[in-house]
Amino acid sequence: MTTLNTHTPGPWQVGGELISQKSSNLEIASVWSKSAKRKFSPRQMEADANAQLMAAAPELLACLEGCIGYLMSLPNVQRPDPDWFKPASAAIAKARRLT
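An account of the accompanying structure is given in this report.

1. Comments concerning helix α2 (residues 85-96)
Okay, step 1: Taking 1.5 Å per residue, twelve residues should reach 16 Å; α2 reaches 16 Å between its end C-alpha atoms and fits that length.
Okay, step 2: Among all positions of α2, only F85, A88, I92, A93 and R96 are buried. In an axial view of α2, the angular spread of the buried residues amounts to 135°, which keeps them on one side of the axis. When the buried face of α2 is taken as reference, the exposed residues oriented beyond 90 degrees from it are K86, P87 and K94.
Okay, step 3: Elements that come into contact with the buried residues of α2 comprise α1 (44-73).
Okay, step 4: Looking one or two places after α2, you find R97, whose phi comes out positive at around 60°.

2. Focus: the nonpolar core
Okay, step 1: Among the nonpolar cores identified, the biggest contains seven residues, and these are L61, I68, L71, L74, F85, A88 and I92.
Okay, step 2: Secondary structure elements with two or more residues in this core: α1 and α2.
Okay, step 3: Within the second largest apolar cluster, six residues are counted, among which are W12, I19, V31 and A51.

3. Focus on the packing of aromatic side chains
Okay, step 1: Applying the stated rule across the entire model yields one aromatic pair.
Okay, step 2: Arranged with centres 5.3 Å apart and planes meeting at 90°, the rings of W84 and F85 form a pair that is edge-to-face.

Basis of the calculations
Residues numbered from 1 in each chain as written. Predicted model: local features only at pLDDT ≥ 70, side-chain atom pairs only at ≥ 80, totals over all residues. Heavy atoms only, no water. Helix = DSSP H or I, 4+ residues; strand = E, 2+ residues; numbered from the N terminus. Expected span 1.5 Å × (residues − 1). Buried < 20%, exposed > 50% of the residue type's maximum accessible area, 1.4 Å probe, protein only. Arc of directions from axis to C-beta. Contact = heavy atoms within 4.5 Å. Core = buried A, V, L, I, M, F, W, Y, C linked by side-chain atoms within 4.5 Å. Phe/Tyr/Trp six-rings, centres within 6.5 Å; stacked < 30°, edge-to-face > 60°.

In structure tokens:
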């Protein structure tokens, strides 16, 4: 039996260097900018962008899964080329830790 890995439900939010669950403020991750303590850290703008992308991850995953589900429900003649699904399916598997 395969167990589907789950993540902390979204939405997530960014507050300074922390990414947290919006409803509970449960800390999910930290993104640091360069400081004297950290020799190899991204620049502030890059750290902020990384945090925003991570905070959007639950909604992005749900959207991608919904799109794939919709496209797979179309009759074969209306479905996109099967090669289109490969990168999307790989991204979902990576997010769900199925690979």
